[in-house]
Amino acid sequence: MADLLKAFQELGDSGWELWLAGIGVLEEEAKRIEGVRCLGFIQPDELPGILSQCGAGILPSMKEPWGVVLHEYVASGLPVIVSDNCGATESFLRIGYNGWQFEAGNNTSLLTALTKLVACQENELIVMGERSRSLAMQITPEIWARTLLSVAES
């Protein structure tokens, strides 16, 4: 998260806000940064309403074996920026198609991805969001249930 805050500050006045969900040790620092909005802990039923107001989803994890929130971002039709340490990228990210990947812990790499995002026109972001939604449909509850049943049967 520290890398994301630093990269967002270095981005300068992009016209974008950075919304942070959750609580943590950097919350007070984040509140002091112009353009950062700390939402605190979000109940699961509140997430769709919040994501519907966002222009992109960012997952800056240093280590993320899967990353359920990435699936939530793409299912919500958002372009994404995701660290290379997120296991779900194989399913839900196509670089340049629906978002960008950055090297975890590399602030320059994250800043480059943020710069690409904010340089997009609104229509480009909409198309990327539609692409995200189509990638999200690769794993639905029905598909997952069929997969589990086929494993159990074999």
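Source: prediction; values computed, not measured.

Some words on the sheet that holds strand β5 (residues 99–102)
For sheets, the rule is that strands pair by backbone hydrogen bonds, running either parallel or antiparallel.
Inference 1: The strand order across the open sheet formed by 3 strands is β3-β4-β5, and the pairing between neighbours is parallel. Each edge of the open sheet carries a strand with a single partner, namely β3 (57–59) and β5. Averaged over all neighbouring strand pairs, the angle between strand axes comes to 10 degrees, with direction disregarded.
Inference 2: Pairing of β3 with strand β4 (residues 80–83) involves 3 bridges; the strand directions are parallel. By the bridge assignment, I58 is partnered in β4 with I81.
Inference 3: Those strands touched by helix α6 (residues 107–119) are β3, β4 and β5, and its axis lies near 170 degrees from that of β5.

Let's talk about the pattern of salt bridges
Inference 1: Taken as a whole and assessed by the stated rule, the structure comprises 2 salt bridges.
Inference 2: For E28, the salt bridge goes to K31, with nearest N and O atoms at 3.5 Å. Placement of both E28 and K31 in helix α2 (residues 27–31) is noted, with a separation of 3 residues, approximately one turn of the helix.
Inference 3: Overall, the relative accessible area of 48% leaves E28 in the partly exposed class.
Inference 4: Judged by relative accessible area, K31 falls into the partly exposed class, the value being 47%.
Inference 5: One salt-bridge network, in which partners are shared between bridges, spans E27, E28 and K31.

Basis of the calculations
Residues numbered from 1 in each chain as written. Predicted model: local features only at pLDDT ≥ 70, side-chain atom pairs only at ≥ 80, totals over all residues. Heavy atoms only, no water. Pairing = 2+ DSSP bridges. Helix = DSSP H or I, 4+ residues; strand = E, 2+ residues; numbered from the N terminus. Axes fitted to C-alpha atoms, helices over the stretch in contact; angles between N-to-C directions. Contact = heavy atoms within 4.5 Å. Salt bridge = Lys/Arg side-chain N within 4 Å of Asp/Glu carboxyl O. Buried < 20%, exposed > 50% of the residue type's maximum accessible area, 1.4 Å probe, protein only.

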